[in-house]
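# Understanding the architecture of this molecule
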Number of protein chains: 2
Amino acid sequence: MLPPWRSPLSGALHRNRSEPFSRYFQLATVTPEGYPSNRTVVFRGFLEGDRSSLKIITDIRSAKIQDIERQAMGEICWYFTKTREQFRIQGVLRLVKAQDQDADLLKARKITWQKISDAARSQFAWATPGQPVMGERKKDAETRGRGDGSNGNPTQNFVHPPAIDKSAFDVEPPDPHLPLDTFCLLLLVPKKVDHLQLRGDPQQRCIYQLATDTTWSSQLVNP
Amino acid sequence: MLPPWRSPLSGALHRNRSEPFSRYFQLATVTPEGYPSNRTVVFRGFLEGDRSSLKIITDIRSAKIQDIERQAMGEICWYFTKTREQFRIQGVLRLVKAQDQDADLLKARKITWQKISDAARSQFAWATPGQPVMGERKKDAETRGRGDGSNGNPTQNFVHPPAIDKSAFDVEPPDPHLPLDTFCLLLLVPKKVDHLQLRGDPQQRCIYQLATDTTWSSQLVNP
């Protein structure tokens, strides 16, 4: 049986399907320093045979891996622009890397790799994300008055960044049947869903919570 | 002088201005339990005379207040759908409540209150956000097989929620010159900005960091 929030979420996905970006959401994690971290990721569907866990993909060289290995809780914020509704989905994040011991999850990782495009697969063969671009040095710029009488315009450095060496990104598409080791399936297993509908008078908000392994409660709350 | 990331951000705001939701972004905070929390908020412009701090508004009864009082770091994720670019803005969150000691910030709070619509102001007179709707009880639902032979459909409870008592939301618009005590101005003072442009071959990513009080560094990094 579907969790009770699946029906409104599937409805939102359907009613916003004309916008490709309706499948993007923001995933928040906590860094090892205890700071919040937030980025846009792509919804890759629900885990096969599970109907509750949301699939995301990520590069094992990405900074979010360290966040998740230290603090497995994550929160998705998913705003649908056309129907003006938001789902905040709190849950446990589960990384599925090449060395995973769970055969079912390894299979799900492989299926997900097969389903994505050549362009998406190629990114996992790119140079390490977040590392300085080869040959690029860090630049500094004063952002307020210098007090030295100069009237230079240091911000001009930022307006025309030099060309990037494209060779680190111009790769052959990887084998669609053999996931690269950098490819990580990331699952969010929901524990709490906060659904806010801005349309309507008044707005409507419902909180769903996992009470036991199999039972969800729901409660209408003030928006 | 403007921080170096202001020009690309202002450009994105301008090029995406046809979409009202381009002024919405997701704000991540950390809860007192150390979990990430994430919600959509509205960009209310830059702080007057500051040119760097982003203005947000919030209700002092909102759960994010406790997050921020415990951990002042926040991260905004701002994705622009039309130009396909993302700004991740990490910074320190500063709450400006009615009792604030800083006269300039109190003035900014009042200006912001005056600028928002009657509808936006009215929300600060609504019933406490996140509290159960009056007269509404929590519901439970099994989401998998019950094993008791019944074939009831517990999810039907969720499909047609009962009507909400509208009186708690049907309020007179508050005085536009006198901010309600529930109204809180929230500033994010940026420390780091990660700008990713998905368009282009290859994608381009630049990280800006506040090196001193007045100096920003910038570094092109791999996307």
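Look above for the structure.
Residues numbered from 1 in each chain as written. Chains lettered and ligands numbered in written order. Predicted model: local features only at pLDDT ≥ 70, side-chain atom pairs only at ≥ 80, totals over all residues. Heavy atoms only, no water.

### Focus: the interface of chain A and chain B
Listed by partner, the interface residues are 74 residues for chain A and 74 residues for chain B. Summed over both sides, the interface between chain A and chain B buries roughly 6800 Å², with carbon and sulfur atoms accounting for 57% of that surface. Linking chain A to chain B there are zero salt bridges. Our enumeration of links across chain A and chain B arrives at 23 residue pairs in polar contact (both at pLDDT 80 or more). Among the secondary structure elements, those contributing two or more residues to the side of chain A that touches chain B are strand E1 (24-30), strand E2 (36-42), strand E4 (73-80), strand E5 (85-96), strand E6 (139-142), strand E8 (204-210) and strand E9 (215-221) of chain A. Of all the elements, E9(A) adds the most residues to the side of chain A that touches chain B, at seven residues. Among the residues making up the side of chain A that touches chain B, the classes are represented as 33 nonpolar, 26 polar and 15 charged. (Contact = heavy atoms within 4.5 Å. Buried area = accessible area lost by both parts, 1.4 Å probe. Salt bridge = Lys/Arg side-chain N within 4 Å of Asp/Glu carboxyl O. Polar contact = N/O pair within 3.5 Å; in protein donor to acceptor, adjacent residues only side chain to side chain. Helix = DSSP H or I, 4+ residues; strand = E, 2+ residues; numbered from the N terminus. Nonpolar A, V, L, I, M, F, W, Y, C, P; charged D, E, K, R; others polar.)

### A word on the packing of aromatic side chains
All names here are of chain A. Under the definition given, this model contains 25 aromatic pairs over all chains. Considering the side-chain rings of Trp113 and Phe183, the 4.9 Å spacing of their centres and the 65° angle between planes classify their relative orientation as edge-to-face. In this pair, Trp113 sits in helix H3 (residues 103-115) while Phe183 sits in strand E7 (residues 183-197), placing the two residues 70 residues apart along the sequence. Since its relative accessible area comes to 0%, Trp113 is described here as buried. (Phe/Tyr/Trp six-rings, centres within 6.5 Å; stacked < 30°, edge-to-face > 60°. Buried < 20%, exposed > 50% of the residue type's maximum accessible area, 1.4 Å probe, protein only.)

### Things to note about the relation of the copies chain A and chain B
What relates the pair of chain copies is a rotation about an axis plus a shift along that axis. Each copy of the sequence occupies a distinct position, and chain A is placed on chain B by a rotation of 180° and an axial shift of 0.0 Å, giving an RMSD of 0.0 Å. These values place the two chain copies in the arrangement generated by a two-fold rotation axis. Counting the interface residues of chain A, we find that 100% of their copies in chain B are interface residues as well, pointing to one common contact surface. (Least-squares fit on C-alpha atoms with pLDDT ≥ 70 in both.)

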